[in-house]
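Coordinate inspection notes
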Amino acid sequence: MSLNWLFRGGLVAYTALFFAFIYLPLALIAVYSFNSNPVNMMTWEGFTTDWYWQVLGFKTTVSEAAMYIESTGQLLAALRNSIVIAFSTTLISTVLGTALALALYRYDFLGARTYRVLMFMPMLVPDIVLGIALLIFFVNAGVHLGIGTIIIGQCTFLISYVFIVVSSRLAGMDRSLEHASADLGANEWVTFRKVVLPQLMPGVMGGALLAFIISMDDLVITYFIAGTDVTTLPIFIFAMLRRGIKPEINAIAVMMLTFSFLVASLGLYLRSRQK
Amino acid sequence: MQDAIVELAGARKVFASPEGGEVKALDNIYLDVRRNEFLTLLGPSGCGKTTLLQSIGGFVRLDAGTISIDGADMTRVPPHLRPVNTVFQNYALFPHMSVEQNVGYALEVRGIPARERREKVGAALVMVGLGGMEKRRPNQLSGGQQQRVALARAIVARPKLLLLDEPLSALDRGLRHSMQIELKNLQNELGISFVFVTHDKEEALTMSDRIAVLKHGRIQQIAAPREIYDRPANPFVASFIGVSNMFEGSIDSGSLVMDRGETLQLGRTLQDCKGRATAVIRPEQFSLSFEQDTRAGIDVTIDQVIFVGAGFELYARTRGGRELVVSAPASARDDVARAESDRRARLIYVPANIHLMPGEGGSQ
Ligand SMILES: Nc1ncnc2c1ncn2[C@@H]1O[C@H](COP(=O)(O)OP(=O)(O)O)[C@@H](O)[C@H]1O
Ligand SMILES: [Mg+2]
């Protein structure tokens, strides 16, 4: 009895520690983002929302010296690039990844198995290797580095993520539903539209959201193929860090976190509605 | 030809078995389904019933042979163009659609306008006893209700033929029995042919106009239930259908000589047969006697007598240890009482009435 109690107690403590380990740093960042101390953010000086206003380009009482961002324009430009890239890559990789998953599920062509294994490769290859490989490829192909190369480069591995999410959804799908649809007079296209796709949608949405979030915060691979003209949000933040950690970074981090959280919640909500 | 809705000729289908060999799921099948007929495909699991049904539905592509439906060659026609609907073994209801959408699916893909669709869906649901459930999702229904939705969905577009793959096997006993009757009534009401798959002989015997018994992808016999029961074509059919009192042996000048030295007298018409054979004497074909006379008979000891309302069932044993079942009418009360107290009797049979089948080894 008491051993059981001890075990339970241990389990609770372990769980608490586990969550603390994961969430405490995030909580600290959130707290610091409201700290008015411009020099040492570990020391609490008072509550302020200035860092947020400052990042968003509003005039506050914070002195110029405490900031890195010379102009909010730079930050917003990086954000805009990231969003354009994320939307494009999400669209492309969702369409291609879903099509690929469907093809491999539907048709048993020669080499389908090899193809399936190959789809896991971009996730297994270290980012840095993939980044270098892409860079060498683009340079040799004589392509000008920029938003275009970032989109193509990110798609190479985002397709894999979408493929895997959609494939797992397909694997759980009941093949006899397609038979039933055909039996009732629907041709392949109608069957796809009315039976397969609605069932597949949660998987497709899940894959798309995953692709969007990964695209938004990919640093390593994007860094290699971004060239000199284009800056994405992660690259911009990374560059800021090289000049020391300043409080406004906390505000940016909290905003990104909130955004990711909203996107993920939307995903979960859509998924629960589909059930 | 005009009275056949489906004609299969020389249908073959071979699957590669996981062990690397071949499975003949359909082995040279010739089958006619008549108009307005309730035809049952009966056989043990794995004998090819589903494959046969799906080749009519168009989901299995035949390796050889042809299939025509309502006079038109359908051998290479895809499922969605065949005038046939199926009730699948697992129902295969669309989980993301309401009952109404499920049932209306066949009409919707044919472009029937919404109002007409709603009427027909309502009528079909009433027909299967599910009126008022239109808005529910399949997962909000019981197994029996899902079954009815599957049925309504398959009949709403009035197919020329309805295929049913073990539709009752997932239901419990009571429900199953009432569904058997309902299905039979529905078939009469709709006036279309049903091809019904089951591995349950009772179900087959009660519901069917004709039964096709399958084994290893071959049709063993196709006939009316009574005919199958009274005159099974071979020992497999006899034992699968649950016929009692089978005698295996070799035919020798008008008798069947069994392995333990017992013999059975055969009717004159059967005396030409040669070789190994199996004879059937049904329980009600015996009559009880206690005299040794010239009539053909078997001396037995009586193990047990059971009163079954309309009569009696006697469990008897021959000298060679062969177990036999005898059924006696209530009018034979006195003879039964004597057999029970003596614990012995002589079972009289009429040799000419014995059903004789070539071959042996009924228990597969
Ligand atoms: N798609 C398939 N691939 C390989 N073997 C199959 C396939 N479908 C059926 N079979 C085999 O064919 C035989 C008949 O199967 P089936 O028609 O499903 O039998 P039943 O419905 O009478 O139980 C079985 O031995 C089964 O294993
Ligand atoms: Mg089956």
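Residues numbered from 1 in each chain as written. Chains lettered and ligands numbered in written order. Predicted model: local features only at pLDDT ≥ 70, side-chain atom pairs only at ≥ 80, totals over all residues. Heavy atoms only, no water.

The next subject is the site of ligand 1. Residues and elements named next belong to chain B. Close to ligand 1 lie Phe15, Ala16, Val23, Ala25, Pro44, Ser45, Gly46, Cys47, Gly48, Lys49, Thr50 and Thr51, which account for all nearby residues. At 2.6 Å, a backbone N or O of glycine 46 approaches an oxygen atom of ligand 1. Taking lysine 49, its main chain carries an N or O atom lying 2.9 Å from an oxygen atom of ligand 1. Taken by itself ligand 1 offers 560 Å² of open surface, and the protein chains cover 60% of this. Looking at the shell around ligand 1, the elements with two or more residues in it are β1 (4-16), β2 (22-34) and α1 (49-57). (Near = heavy atom within 4 Å. Polar contact = N/O pair within 3.5 Å; in protein donor to acceptor, adjacent residues only side chain to side chain. Areas by Shrake-Rupley, 256 points an atom, 1.4 Å probe, with all protein chains shown as cover. Helix = DSSP H or I, 4+ residues; strand = E, 2+ residues; numbered from the N terminus.)

Another aspect to go through is the packing of helix α6 (residues 127-141) of chain A against helix α7 (residues 147-171) of chain A. Residues and elements named next belong to chain A. Running from N to C, α6 and α7 point in directions that differ by 135°, and their axes come no closer than 11 Å. Judged by the inter-axis angle, α6 sits oblique to α7. The interaxial crossing formed by α6 with α7 has right-handed handedness. Judged by residue contacts, Leu130, Leu134 and Phe138 of α6 engage Thr149, Ile152, Gly153, Thr156 and Phe157 from α7. (Axes fitted to C-alpha atoms, helices over the stretch in contact; angles between N-to-C directions. Parallel < 35°, antiparallel > 145°, perpendicular 65-115°, else oblique. Left-handed = near helix turned anticlockwise from the far one by under 90°. Contact = heavy atoms within 4.5 Å.)

All names here are of chain B. Reading across from one edge, β2-β1-β4-β5 is the order of the 4 strands in this open sheet, with antiparallel pairing throughout. Single-partner strands in this sheet number two, and they are β2 and β5 (72-73). Of the pairings in the sheet, the one linking strand β4 (residues 64-69) to β5 comprises 2 bridges and is antiparallel in character. Paired with serine 68 across the strands is aspartate 73, a residue of β5. (Pairing = 2+ DSSP bridges.)

With that out of the way, let us pick up the environment of valine 195 of chain B. Residues and elements named next belong to chain B. You can see valine 195 is positioned in strand β8 (residues 193-198). Remark: the alpha-carbon pair of valine 195 and leucine 168, spanning 27 residues in sequence, is separated by 14 Å. Among residues more than four places away in sequence, those in contact with valine 195 are Val33, Leu39, Leu41, Leu53, Leu161, Leu162, Leu163 and Leu164.

Each side of the interface is counted separately: chain B has 21 residues, and chain A has 18 residues. Between chain B and chain A, the buried area comes to about 1,700 Å², and carbon and sulfur atoms account for 62% of it. Three residues, His80, His96 and Tyr105 of chain B, lead the burial of chain B against chain A; their summed loss comes to 32% of the area buried on that side. Remark: the boundary between chain B and chain A carries 1 salt bridge. Here lysine 194 of chain A ties to glutamate 108 of chain B by a salt bridge, and the two come within 2.6 Å at their closest N and O atoms. The interface formed by chain B and chain A includes 8 residue pairs in polar contact (both at pLDDT 80 or more). In terms of residue count, the dominant contributor to the side of chain B that touches chain A is helix α2 (residues 99-109) of chain B (4 residues). Looking at the side of chain B that touches chain A, its residues break down into 13 nonpolar, 5 polar and 3 charged. (Buried area = accessible area lost by both parts, 1.4 Å probe. Salt bridge = Lys/Arg side-chain N within 4 Å of Asp/Glu carboxyl O. Nonpolar A, V, L, I, M, F, W, Y, C, P; charged D, E, K, R; others polar.)

Along its sequence, chain A is organised into domain 1 (3-64) and domain 2 (72-244). Placing a centre on the C-alpha atoms of domain 1 of chain A and another on those of domain 2 of chain A gives a separation of 33 Å. (Domains from an automatic or database assignment.)

Here we take up the packing of aromatic side chains. Counting across every chain of the model gives 16 aromatic pairs over all chains. Ring centres 5.5 Å apart and planes at 80° place the aromatic pair phenylalanine 18 of chain A and phenylalanine 19 of chain A in the edge-to-face group. Arranged with centres 5.7 Å apart and planes meeting at 40°, the rings of phenylalanine 38 of chain B and phenylalanine 194 of chain B form a pair that is tilted. Of the two residues, phenylalanine 38 of chain B sits in strand β3 (residues 38-42) while phenylalanine 194 of chain B sits in strand β8, which places them 156 residues apart along the sequence. The buried category is assigned to phenylalanine 38 of chain B, whose relative accessible area is 0%. When its relative accessible area of 0% is taken as the criterion, phenylalanine 194 of chain B is described as buried. An aromatic cluster of at least three residues, connected via ring pairs, comprises Tyr14, Phe18, Phe19 and Tyr23 of chain A. Lying over the aromatic face of tyrosine 105 of chain A, arginine 175 of chain A brings its terminal NZ or CZ to 5.2 Å of the ring centre. (Phe/Tyr/Trp six-rings, centres within 6.5 Å; stacked < 30°, edge-to-face > 60°. Buried < 20%, exposed > 50% of the residue type's maximum accessible area, 1.4 Å probe, protein only. Lys NZ or Arg CZ within 6 Å of the ring centre and 35° of its normal.)

Our next topic: the sheet that holds strand β10 (residues 218-223) of chain B. All names here are of chain B. Taken together, the 6 strands give an open sheet; going across it, the order is β6-β7-β8-β3-β9-β10, and neighbouring strands pair in mixed fashion. Unpaired on one side and paired on the other, β6 (84-87) and β10 mark the two borders of the sheet. Neighbour to neighbour, the strand axes of the sheet diverge by 20° on average, direction disregarded. Sheet topology note: the β3/strand β9 (residues 210-215) ladder contains 4 bridges and is parallel. Along β9, the bridge assignment pairs leucine 41 with alanine 212.

Residue and element names in this part refer to chain B. Here glutamate 166, not a glycine, exhibits a phi torsion of approximately 40°, which is positive. Relative to the elements of secondary structure, glutamate 166 occurs in the loop between β7 (161-165) and α5 (173-190). Judged by its relative accessible area of 9%, glutamate 166 is buried. Although it is not a glycine, asparagine 245 sits at a positive phi angle of roughly 60°. For asparagine 245, the position within the fold is in the loop between α8 (235-241) and β11 (246-252).

Next up on the list: the pairing of β10 of chain B. Residue and element names in this part refer to chain B. Pairing of β9 with β10 involves 5 bridges; the strand directions are antiparallel. Bridging from a neighbouring strand, isoleucine 211 pairs with alanine 223 of β10. Where β9 folds back on β10, the antiparallel hairpin that results is connected by 2 residues, among which histidine 216 adopts a positive phi of roughly 50°.

Another point: the nonpolar core. Judged by nonpolar contacts, the single largest core of 48 residues is most densely connected at Val103, Leu151, Leu162 and Phe194 of chain B. Sorting the residues of this core by element identifies α8 (175-183) and α9 (188-217) of chain A together with α2, α3 (114-127), α4 (143-155), β7, α5 and β8 of chain B as the ones contributing at least two each. If you tally residues by element for this core, the top one is α4 of chain B, at 6 residues. Not counting residues up to four positions away in its chain, the partners in contact with leucine 151 of chain B are Val87, Val128, Leu162, Leu164, Met179, Leu183 and Leu186 of chain B. The next biggest cluster of nonpolar side chains, apart from the first, holds 32 residues, and it includes Leu158, Leu170, Met173 and Val204 of chain A. (Core = buried A, V, L, I, M, F, W, Y, C linked by side-chain atoms within 4.5 Å.)

Applying the stated criterion across every chain yields a total of 30 salt bridges over all chains. A salt bridge links glutamate 323 of chain B to arginine 317 of chain B; the nearest nitrogen and oxygen atoms lie 3.4 Å apart. Glutamate 323 of chain B gets classed as exposed once you look at its relative accessible area, which sits at 56%. Salt bridges linked by common partners bring Arg106, Arg175, Glu178 and Glu188 of chain A together as one network.

Residue and element names in this part refer to chain B. Compared with an ideal rise of 1.5 Å per residue, which puts 18 residues at 26 Å, α5 spans 25 Å between its outermost C-alpha atoms and is within 8% of the ideal. When we look at burial in α5, the residues that qualify are Arg176, Met179, Gln180, Leu183, Lys184, Leu186, Gln187 and Leu190. The buried residues of α5 occupy one face: seen down the axis, they fall within an arc of 160°. Away from its buried face, by an angle of more than 90 degrees, α5 presents the exposed residues Gly174, Asn188 and Glu189. Phi turns positive, to about 65°, at glycine 191, one or two residues after α5. (Expected span 1.5 Å × (residues − 1). Arc of directions from axis to C-beta.)

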